[in-house]
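Residues per chain, in single letters:
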Amino acid sequence: MTGVVYDSRTCGHRALSDDHVEAPLRGRFITAQLEDTGVMKMCRRVAAREATDEELLLVHTEEYIKLVKSTRMGTKLGDAVKDNDVYSCLNTDLAARLSCGGLVALTKKIATGELKNGFSISRPPGHHANPAVASGFCIYSNVAIAAKVAQQQPLVQKVLIFDWDVHHGNGTEWVHYNDPSVLTISVHGHGNGRTHNMRSSLKRKLREVDRAELAAAKAAEEEGKNERRAQRARTRESEKKLRKVSRANGKDTDGDEKDSAAGDEGDADALDWFASLGWYEEDPEQQSNDLSDGEEDEEQEAKSLKSTDDSSGGTHFSDLKMSNGTYAADTNVAIHDALYSDAVQKESGSLFYPGTGFGERVGIGKGVGYNINVPWPCDGFGDVEYLRVVNEIVLPAGREFKPDIVIISAGFDSALGDKLGSMRVTPTGFALMTEAIAELAGGKMVVCLEGGYNSEVVATCAEATVRTLLRLSGEPNADRNSFCIKDQVFLYLSLTISQLLNTVMIRSRSIP
């Protein structure tokens, strides 16, 4: 049996602006779609409840939970907000607790075998939320909390979390980064390029625009080096001329020491003037003509890389200590250094939000090897590529890990037509990924809504996913009035074209 959890009270969490993308319509459209197509009747409705403080404390700090609760009295989240896109209102705490508590209730039923699988219409989403910081529309870390609650059940020890949201689930990664009992896998947008590399010719992996940008960057760097060399040469030459002038002034006064001193004072004034133009450096004679350029910049950059101060004004991650003692201070410092260095954040400013999720982030301590990131270098990836990730990364890793339950962070902002994402996954693509992953954990699977900001697209993708869950649980009418005939045709055409292109590329490489 497939369960679905949704509570209309989550719609009370809304922004002041009606055009905010994380809006109540997201949940309403999904429930309307499921009801209009008859899918909801085939599911068991699970009652949502508010997450308890004990459940929230599995991930979040006591101070942060109190702050979010205070929004019921009109308090703003203030310094506990990392991004400007997080809003709060009088109903934020209630909605966030229902979003998390509903998912926890559903997860418990699946973990204990009462249900085969289920779908949680959770909003606000949660995979960006950190222990003491709200981020990226997220208040509480719903999936991370559900995973820890699942592990409290007698039949669950290991959890696999798969996040297909177009944005990296940095909050979920944070919580489990040193935990070998939770395998976290995320496929997400990372770069801002505009080429579809996996479908491009092998001879054009590096685009012409990339080559031009690289050449321009190298030319600019070389020009800067030459300019700095010329600047030091001008400095030395100017100082020599100033010394000659000073000596000449001293000789004109017939060796008068007073006038010579005045000349020296004039010399200093002139040097100050040159310094104001950037032409003078302290002790220029001590600098070699062949001094390698950029060493000072590299040294400064290395120092900044060691910095772990949080420039956003929010809570310093390294100061966090979980109320339940889950994390020690040194662990938090290590995780902060590995994931959220300010220098890395600044360097990744041109990357896709949130600028984390690098492929080399594989875990820390005992958790090394239990965090897998698949960062797309550009936009435009669709069903073929996502299914390849599932078949070649998620399933092999999952088979070796042998999870007792699977939780999917289902962000439908990776769908074709989303307002924020630029990927091209179709409803059929999400359905096929769900079906493939059901091989793991005996089919025990919880799917939790994360992002997705085109309400109509989100509703269609959610319907496709729930129909797949129903079919996997043995519902005979799961495909009745199915949405996806045209999407299946699109997928098969994409696969066929991709195979043809691969054949052409292989043959073209063999032609002299």
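Above this text you will find the structure in question.
Residues numbered from 1 in each chain as written. Predicted model: local features only at pLDDT ≥ 70, side-chain atom pairs only at ≥ 80, totals over all residues. Heavy atoms only, no water.

> Can you help me understand the nonpolar core in this one?
Most often, soluble globular proteins have nonpolar side chains that are buried together. Of all hydrophobic cores here, the largest spans 56 residues; its most connected members are Phe119, Phe162, Trp164, Phe412, Met433 and Ile437. Ranked by the residues each element gives to this core, the list is headed by helix 12 (residues 383-401), at 8 residues. (Core = buried A, V, L, I, M, F, W, Y, C linked by side-chain atoms within 4.5 Å. Buried < 20%, exposed > 50% of the residue type's maximum accessible area, 1.4 Å probe, protein only. Helix = DSSP H or I, 4+ residues; strand = E, 2+ residues; numbered from the N terminus.)

> In this structure, what is going on with helix 13 (residues 427-437)? I would like to understand it.
Side chains that are three or four residues apart share a direction in an α-helix, a result of its 3.6 residues per turn. Helix 13 sits mainly inside the fold: 9 of its 11 residues count as buried. Within helix 13, burial applies to Pro427, Thr428, Gly429, Phe430, Ala431, Met433, Thr434, Ala436 and Ile437.

> Is there a simple way to explain the pairing of strand 3 (residues 117-120) in this structure?
Regular strands have side chains that alternate between both faces of the sheet. Burial of strand 3 is two-sided: the residues Asn117 and Phe119 facing one way and the residues Gly118 and Ser120 facing the other way are all buried. The sheet contact formed by strand 1 (residues 2-5) and strand 3 spans 4 bridges and is parallel. When the sheet's bridge partners are listed, Val5 is paired in strand 3 with Ser120. In this sheet, strand 8 (residues 445-449) lies alongside strand 3 in parallel orientation, the contact comprising 4 bridges. When the sheet's bridge partners are listed, Asn117 is paired in strand 8 with Met445. (Pairing = 2+ DSSP bridges.)

> Can you help me understand the pattern of salt bridges in this one?
Summed over the entire model, instances satisfying the criterion amount to 15 salt bridges. Across the pair Lys109 and Glu114 runs a salt bridge whose closest N-O atoms are separated by 3.3 Å. One salt bridge in this structure joins Glu463 and Arg467, with 2.8 Å as the shortest N-O distance. Separated by 4 residues within a single helix, Glu463 and Arg467 lie in helix 14 (residues 455-472), roughly one turn from each other. Across the pair, exposure class does not vary: Glu463 and Arg467 are buried alike. Through salt bridges with shared partners, one network takes in Glu50, Asp53, Arg72, Asp93 and Arg97. (Salt bridge = Lys/Arg side-chain N within 4 Å of Asp/Glu carboxyl O.)

> It is not clear to me how the environment of Asp404 should be interpreted in this structure. Could you clarify?
Within the secondary structure layout, Asp404 lies in the loop between helix 12 and strand 7 (405-410). Under the relative-accessibility criterion, Asp404 is labelled partly exposed at 25%. Sequence-wise, Asp404 and Ala150 are 254 residues apart; in three dimensions their C-alpha atoms are separated by 9.3 Å. With residues up to four places along the chain from it excluded, the contact list for Asp404 reads Leu155, Val156, Gln157, Lys158, Ala441 and Lys444. Separated by 2.8 Å, the side chain of Asp404 and the backbone nitrogen of Gln157 make a polar contact. (Contact = heavy atoms within 4.5 Å. Polar contact = N/O pair within 3.5 Å; in protein donor to acceptor, adjacent residues only side chain to side chain.)

> I would appreciate a short explanation of the packing of aromatic side chains in the present structure.
Each aromatic ring pair is described using two quantities: the centre-to-centre distance and the angle formed by the ring planes. As enumerated under the stated definition, the model contains 9 aromatic pairs in all. Their ring planes at 70° and their centres at 5.5 Å tell us that Phe137 and Tyr453 sit as a pair that is edge-to-face. A residue pair is termed long-range when its members are at least 10 positions apart, and Phe137 in the loop between strand 3 and helix 5 (142-150) and Tyr453 in the loop between strand 8 and helix 14 qualify at 316 residues. Here Phe137 matches Tyr453 in class, with each residue buried. With a centroid separation of 5.2 Å and 45° between ring planes, the pair formed by Trp164 and Phe430 is classed as tilted. With Trp164 in the loop between strand 4 (159-163) and helix 6 (170-176) and Phe430 in helix 13, the pair connects residues that are 266 residues apart, well separated along the chain. Judged by its relative accessible area of 0%, Trp164 falls in the buried class. On the basis of relative accessibility, which here comes to 0%, the residue Phe430 falls in the buried class. A network of ring pairs unites the aromatic residues Phe162, Trp164, Phe412 and Phe430 as a single cluster. When the ring centre of Phe401 is taken as origin, the NZ or CZ atom of Lys158, which lies over that ring, is 5.0 Å away. (Phe/Tyr/Trp six-rings, centres within 6.5 Å; stacked < 30°, edge-to-face > 60°. Lys NZ or Arg CZ within 6 Å of the ring centre and 35° of its normal.)

> Looking at this structure, how should I read a positive patch on the surface?
On the surface, a cluster of positive charge is made up of Lys240, Lys241, Lys244 and Arg247. Inspection of the secondary structure puts Lys244 in helix 7 (residues 208-252). A relative accessible area of 59% places Lys244 in the exposed class. (Patch = residues over 30% accessible without salt bridge, like charges linked within 9 Å, V, L, I, M, F, W, Y side chains within 5 Å. Areas by Shrake-Rupley, 256 points an atom, 1.4 Å probe, with all protein chains shown as cover. Lys, Arg positive; Asp, Glu negative; His and termini not counted. Charge placed at Lys NZ, Arg CZ, Asp CG, Glu CD.)

> What is the right way to look at the side chain of Glu385 in this model?
Among the structural elements, Glu385 can be located in helix 12. When its relative accessible area of 3% is taken as the criterion, Glu385 is described as buried.

> Before we go on, may I ask you to explain the packing of helix 4 (residues 92-111) against helix 5 in this structure?
For any two helices packed against each other, one specifies the inter-axial angle together with the distance between the axes. The contact between helix 4 and helix 5 brings their axes to 9 Å, and the two run at 35°. Crossing hand, helix 4 versus helix 5: right-handed. Between helix 4 and helix 5, the contacting residues are Ala96, Ser99, Cys100, Leu103, Val104, Thr107 and Lys108 on the first element and Asn142, Val143, Ile145, Ala146, Val149 and Ala150 on the second. Among the residues making up the contact of helix 4 with helix 5, the classes are represented as 9 nonpolar, 3 polar and 1 charged. (Axes fitted to C-alpha atoms, helices over the stretch in contact; angles between N-to-C directions. Left-handed = near helix turned anticlockwise from the far one by under 90°. Nonpolar A, V, L, I, M, F, W, Y, C, P; charged D, E, K, R; others polar.)

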